[in-house]
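A structural walkthrough
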Amino acid sequence: MGSAHKVAVFGAYGHTGRFVVAQLRERGFVPVASGRDAVKLKALAASGPGLEIRTASVDDPASLDRALAGTAAVINCAGPFATTAAPVIEAALRAGIPYVDVAAEIEANLDTFTHFAERARAAGVVVVPAMAFYGGLGDLLATAAAGDRTAADEVHIAYGLNGWHPTEGTRVAGAVSRERRNGRRIRFSDGRLEYRDDAPPALDWDFPEPLGTRAVIGEFTMADVVTVPSHLSVPEVRTYMTVEAAGDLSSPDTPAPTAVDEHGRSAQTFLVDVVVRSGGTERRATARGRDIYAVTAPLAVEAVGRILSGRTRAVGVVSAGAAFDAADFLRALSAHLSVDLPG
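Residues numbered from 1 in each chain as written. Predicted model: local features only at pLDDT ≥ 70, side-chain atom pairs only at ≥ 80, totals over all residues. Heavy atoms only, no water.

Attention now moves to the packing of aromatic side chains. The final tally for this structure, using the stated rule, is eight aromatic pairs. With a centroid separation of 5.5 Å and an interplanar angle of 50°, the aromatic rings of F133 and Y159 are classed as tilted. Note that F133 is positioned in helix α6 (residues 133-146) and Y159 in strand β7 (residues 154-161), a separation of 26 residues in sequence. The pair F133 / Y159 is uniform in exposure class, with both members buried. Members of the aromatic cluster, connected to one another through ring pairs, are F133, Y134, Y159, W164 and F270. (Phe/Tyr/Trp six-rings, centres within 6.5 Å; stacked < 30°, edge-to-face > 60°. Helix = DSSP H or I, 4+ residues; strand = E, 2+ residues; numbered from the N terminus. Buried < 20%, exposed > 50% of the residue type's maximum accessible area, 1.4 Å probe, protein only.)

Attention shifts here to α6. Taking 1.5 Å as the rise per residue, α6 with 14 residues should run 20 Å; its terminal C-alpha atoms sit 19 Å apart, in good agreement. Counted residue by residue, α6 has 14 buried out of 14 residues, so it is predominantly covered. Among the residues trailing α6, G147 stands out with phi positive, at a value near 65°. (Expected span 1.5 Å × (residues − 1).)

Residues that lie three or four places apart on an α-helix share one face, since the helix turns once every 3.6 residues. Given a rise of 1.5 Å per residue, 17 residues ought to cover 24 Å, and the 25 Å separating the end C-alpha atoms of helix α10 (residues 292-308) matches this to within 8%. For α10, the buried fraction is high: 16 of the 17 residues fall into the buried class. With a side-chain oxygen positioned 2.9 Å from the backbone nitrogen of Y293, the residue opening α10 is D291. At the C-terminal side of α10, G310 shows a positive phi close to 75°. (Polar contact = N/O pair within 3.5 Å; in protein donor to acceptor, adjacent residues only side chain to side chain.)

Okay, here's the thing in structure tokens:
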């Protein structure tokens, strides 16, 4: 579905925003490109026919209202989300339309749940933060692996990236997060977030083939520690990252991603391996694909399509696993993801 639905994309000219605009068009939606940089918006409009552009800034609520006027939903692709999420959510609530973002910032996602849960629920508006590769995909896989269970003992999410060429937005968002947590790292243990000064553990993870056993950084904490426990009762959520990708991210010399195909995707490949343990049993779900930024677009657009067609399980601030039928959602993305689910 998508015909006749206008969807605003805030931060449309960014790396991920461009993928989202293209995916909306492919799905039959009418994207409305928005952001604060008028020059970049005009350049984006010149790259393809018929794209409506609306300049807006998070410092100007009236401009956000104009940007969202007449749209059915908004996808926020503009980081750092510590700055943009709240103003765009406020605008979405004023307009009475669903809000989806692609935030990987743990603190920004926590802010969304903390500050908007009651208001969004009262307004009957669906707000889905972290509807992206980090936060959304891991949550969907964990939810699908859990099946009918609403509780688990442990959730482990291992990211098997062959490398990671971060965008400028990723680097800026990471810097904002580190500043907010005073340089400390985070882990989710005993049902709560812990802020730690020690180094994360180094270990091996047995990925499914073709990766096999790989060295990973343990407790390489991503947005999954917010999304998964928001609806699954679980005291331990651990995330892991292959050392190659972690090294790329930490190096200031790693270049931004470079397109290698007609869709603008990079050569990056990934395998996300999720293990849910409960009562001595273990259930596994995996996803394979190309380019973590590119795959974020179908995740976010599929979410919007399901919200607008009434295929959601809750209103208010909800993670992907709480909002949607996780297994059905993942299978719907077969053009972008190869998934192996239990059962």
